[in-house]
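Structure at a glance
Next come the chains, spelled out residue by residue.
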Amino acid sequence: MSTIYRKGPLPRYYQLKEIMREKISNRDWQPGQLIPSERELSEQYGMSRMTARQAITELVNEGLFYREQGKGTFVSRHKITQQLLHLTGFTEDIRARGQRPSTKVLSMSMSPADEKTADYLRIKPGQLVFTLQRLRLADDEPLAIEVSHLNFIGCEKLLEEDLEQHSLYQLLETRYGMILIEAEQELEAGLISSKESEKLKVPIGSPALYTRRTAYIERNQPIEYARSIYCGRKYVFYTSLKREQLFS
């Protein structure tokens, strides 16, 4: 589709959406490219700026575009997919997609567990746990903020580790003998706050994916409770579902 049909059954904003979507799929518009303004689109396709704005806004909400205040609207970069079938860490996921993972440690300490963290880790509130806050990047582009709380005998030794250069999960397994066997993970949609937008370099109110993960070692013992905030326009979670066969 490259023409707006005024007498067709489809609304004009929807037709413009499909034209722009086609430009992305055909690679006429590249990831990170500034798209034409509302005024330019309205003049090119003979419609009101309000109609052009509606088409752009809907594609922003779908994650195909993103806005930067004072600069305009851009084509979103390809989203990174994390599968939900296997327990993997961020470093493993990014490397598996041919990108370069990196980490910036924002803080790490031994801190008292609040009630929610204590409940997930099955410990008493106030017990000291290792708390790690990290900014996760792929090819130097910020993707997520992660806060991990870990509880096991000797977890304070993690304060001495270089957690910017080494994978936490790999260290747990190879150096501390903590073999992670399963995890429970919750996902929730939300919006990026002002504090998060500064670290993730996206506008306030951008779509976000919030996750909560509890990782277990053998005997159903939780050792990590982690909360993460992912840029919704950069990240997508994937799973495969099969319907159970029913027999009469």
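Everything quoted here is computed from the prediction, not taken from an experiment.

As a further point, take the packing of aromatic side chains. On inspection of all chains with the given rule, the structure shows four aromatic pairs. Ring geometry for tyrosine 66 against phenylalanine 74: centres 5.6 Å apart, planes inclined by 20 degrees, an arrangement best described as stacked. Like tyrosine 66, the residue phenylalanine 74 is buried in the burial classification.

With nine of its 11 residues buried, strand β5 (residues 128-138) lies for the most part within the structure. Both strand β4 (residues 101-112) and β5 contribute to a ladder of 11 bridges, which runs antiparallel. Its bridge partner lying in β5, serine 107 is registered against glutamine 133. Sheet topology places β5 next to strand β6 (residues 141-150); nine bridges connect them, and they run antiparallel.

Among all positions in helix α2 (residues 38-45), only Glu38, Leu41, Ser42 and Tyr45 are buried. In a view along the axis of α2, the buried residues occupy a sector of 100 degrees, so they form one face of it. In α2, the exposed residues that point more than 90 degrees away from the buried face are Glu43 and Gln44. Packed against the buried residues of α2 are α1 (12-25) and α3 (49-61).

Moving on: the pairing of strand β1 (residues 65-68). Alignment of β1 against strand β2 (residues 72-75), held across four bridges, turns out to be antiparallel. What sits directly across from tyrosine 66, in β2, is phenylalanine 74. Taken together, β1 and the strand that follows it, β2, pair antiparallel across an intervening segment of three residues, in which glycine 70 is found at a positive phi of about 80 degrees.

Although it is not a glycine, arginine 27 sits at a positive phi angle of roughly 70 degrees. Mapped onto the fold, arginine 27 is located in the loop between α1 and α2. In the Ramachandran plot, aspartate 140 falls in the positive-phi region, its phi being about 70 degrees despite a non-glycine side chain. Within the secondary structure layout, aspartate 140 lies in the loop between β5 and β6.

Okay, the packing of α2 against α3 next. Their axes nearest at 8 Å, the elements α2 and α3 cross at an angle of 115 degrees. The orientation of α2 relative to α3 falls into the category roughly perpendicular. For the crossing formed where α2 meets α3, the hand is right-handed. Listed contacts from α3 to Glu38, Arg39, Leu41 and Ser42 of α2 are Arg49, Ala52, Arg53 and Ile56.

With respect to the helices, strands and loops of the structure, threonine 73 is situated in strand β2. The buried category is assigned to threonine 73, whose relative accessible area is 11%. With residues near it in sequence (within four places) discarded, threonine 73 still touches Gln33, Leu34, Ile35, Ile56, Val60, Phe65, Tyr66 and Arg67.

Attention now moves to the sheet that holds strand β8 (residues 207-217). Reading across from one edge, β4-β5-β6-β9-β8-β7 is the order of the six strands in this open sheet, with antiparallel pairing throughout. Across the chains shown, the open sheet's two edge strands, defined by having one partner strand only, are β4 and β7 (182-191). Strand-to-strand twist in this sheet, taken as the mean axis angle between neighbours without regard to direction, amounts to 15 degrees. Pairing of β6 with strand β9 (residues 221-231) involves seven bridges; the strand directions are antiparallel.

Thresholds, definitions, all that
Residues numbered from 1 in each chain as written. Predicted model: local features only at pLDDT ≥ 70, side-chain atom pairs only at ≥ 80, totals over all residues. Heavy atoms only, no water. Phe/Tyr/Trp six-rings, centres within 6.5 Å; stacked < 30°, edge-to-face > 60°. Buried < 20%, exposed > 50% of the residue type's maximum accessible area, 1.4 Å probe, protein only. Helix = DSSP H or I, 4+ residues; strand = E, 2+ residues; numbered from the N terminus. Pairing = 2+ DSSP bridges. Arc of directions from axis to C-beta. Contact = heavy atoms within 4.5 Å. Axes fitted to C-alpha atoms, helices over the stretch in contact; angles between N-to-C directions. Parallel < 35°, antiparallel > 145°, perpendicular 65-115°, else oblique. Left-handed = near helix turned anticlockwise from the far one by under 90°.

Keep in mind that these numbers describe shape and distance, not what the molecule does.
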